[in-house]
Each structure stands twice: as structure tokens, then as C-alpha cells.
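Summary of the model geometry
So you can see what is in the structure, the chains are spelled out below.
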Amino acid sequence: EVQLVESGGGLVKPGESLRVSCAASGFTFSSAWMSWVRQAPGKGLEWVGRIKSKNDGGTTDYAAPVKGRFTISRDDSNNMFFLQMKSLKTEDTAVYYCASGFWALGAWGQGTQVSVSS
Amino acid sequence: DIQMTQSPSSLSASVGDRVTITCRASQSIATFLNWYQQKPGEAPKLLIYGASSLQSGVSSRFSGSGSGTDFTLTINSLQPEDFASYYCQESYSTPLTFGGGTKVDIK
């Protein structure tokens, strides 16, 4: 069974940093393209960024609002996926989901809450 | 960036109704269009990929159609468990933009 479990969310102040993680199991993680998607309170879904598999270049892409502040990485030896967030803003407050899929996102974690407030 | 416009933003329907949700892309995306369902407090769930392919395990009440810029999600014979929010998403190019969502509630 495919399983994605996020962790590391919490309450931080504007300008601070936070790293959220996603533990993957039940599929060949090293071959997967992994994405982060967020959802602000009462709002819709917003794609944050993606990392391709190493076989496909391991490259990353980011949404404009987070480019230069967020970094996506992966640890294939431990089936882990990460989102490092720096210079956090109040508008980054959201539930952050990790998801897997090359084009369509077929598996999702349960999400982790990130709150940015002074 | 490609913009995805979903309509309506909300609708009220009854059990047994046929419901249609549309999604329009700002440029042609061929059939790189996916549909998701999200219930309150839950993660999204993939329903349709490639505009018209049903994800494994998803009820055949759900169907998708379209290509280019105009797409449709149809729910036949709406069931109580179908009351949820629905999102389209283009996967033609990054950023992988989502539509604004459609909330389907009980009339």
C-alpha cells in the first residue's frame, strides 16, 4: 500500500525557517516524481514545487511565490522527501501535502500544518 | 504560466442528479488535465487523469472529457459521498496550476 506521511509542521514567526518531511513507503520511491502542494485556510489547492527522480535528472521546479525561499530535496536511500522553507511569510500559512506522480498526483499524504504568525 | 478557470465555484444538487463541472485552460494543454476530489479535513484524491482516464478504484459515476482548452467532469447519479470539492489541474507544464475549485453541496 502506498503511504506518504508528512511531519515537521508547526508555528513559526515571520522570517524564520522550517523544514517539513515526507516519509514514503509502498512504492519504488527512487523512481517517483514528488510534489509539494499547499492549501491555505479556506482556500484552494496551490502547487508549491516538484523534484524529478534522479534517473530523470533530479531537477526541481517551483511556483513563483516560493522560488528562492523554498528548497525541495530527496533522500532516496531513506525514502524521504523534504521541503526546506526560509524567510517564511504569513501568507505561507497552510496545510502542506506531499504527493507522488509524474503528471497526475495519484497518492497524497495527510498533510502537515505550517502556521506563520508573530 | 497557464491559468485554469473552473466553473461554477459552487453548486447545490440532489442525490441522483447529474452534475457537470467545467475547467478552461488559458492555452492548449492537449489532454494534460486531471481532476481531484477533496472532502473536508481530508487530502485530495485523484479521480481522472489525462482528461478522461478513470483512476483505479474510482467509481464509474465519474467521467471526464475534453482536450485543448475546455474540459468537463461529469458525475452521474450523485451519491451522498460525492458531496465534496473538486479541482482540475493542468500537468502540461510547470507550475502545475490548479483550478479554483468547485464545491458541491446538498440542495
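This text goes with the structure placed above it.
The following paragraphs examine the structure supplied in this document. (Residues numbered from 1 in each chain as written. Chains lettered and ligands numbered in written order. Predicted model: local features only at pLDDT ≥ 70, side-chain atom pairs only at ≥ 80, totals over all residues. Heavy atoms only, no water.)

1. Comments concerning the overall build of chain B
A count of helical and extended segments in chain B gives 0 helices and 10 strands. Counting helices and strands in the order they occur from the N terminus, chain B gives β-β-β-β-β-β-β-β-β-β. Relative to a compact globule of 107 residues, whose C-alpha radius of gyration would be 13 Å, chain B shows 13 Å and is just as compact. With respect to the principal axes defined by its C-alpha atoms, chain B has extents near 35 × 25 × 25 Å. Burial status across chain B gives 46% buried among its 107 residues. Look at the contacts in chain B between residues 6 or more apart in sequence, and 56% of them connect residues 24 or more apart. Of the accessible surface of chain B, which amounts to about 4,800 Å², a share of 45% is contributed by carbon and sulfur atoms. Of the charged side chains in chain B, 7 are positive and 8 negative, and the gap between their average positions amounts to 6 Å. (Helix = DSSP H or I, 4+ residues; strand = E, 2+ residues; numbered from the N terminus. Rg over C-alpha atoms; globule rule 2.2 N^0.38 Å. Buried < 20%, exposed > 50% of the residue type's maximum accessible area, 1.4 Å probe, protein only. Contact = heavy atoms within 4.5 Å. Areas by Shrake-Rupley, 256 points an atom, 1.4 Å probe, with all protein chains shown as cover. Lys, Arg positive; Asp, Glu negative; His and termini not counted. Charge placed at Lys NZ, Arg CZ, Asp CG, Glu CD.)

2. Focus on the nonpolar core
Among the nonpolar cores identified, the biggest contains 26 residues, and Trp 36, Phe 70, Phe 81, Leu 83, Met 85 and Tyr 96 of chain A are the most heavily contacted of them. Within the residue set of this core, elements represented by two or more residues are strand 3 (18–25), strand 4 (34–39), strand 5 (45–51), strand 7 (70–75), strand 8 (80–85), strand 9 (94–100) and strand 11 (112–116) of chain A. Counting residues per element, this core draws most heavily on strand 3 of chain A, which supplies 4 residues. Setting aside residues up to four positions removed in sequence, Phe 70 of chain A forms contacts with Arg 38, Val 48, Tyr 62, Leu 83, Gln 84, Met 85, Lys 86, Leu 88, Asp 92 and Tyr 96 of chain A. Within the second largest apolar cluster, 25 residues are counted, among which are Leu 11, Ile 29, Leu 47 and Tyr 86 of chain B. (Core = buried A, V, L, I, M, F, W, Y, C linked by side-chain atoms within 4.5 Å.)

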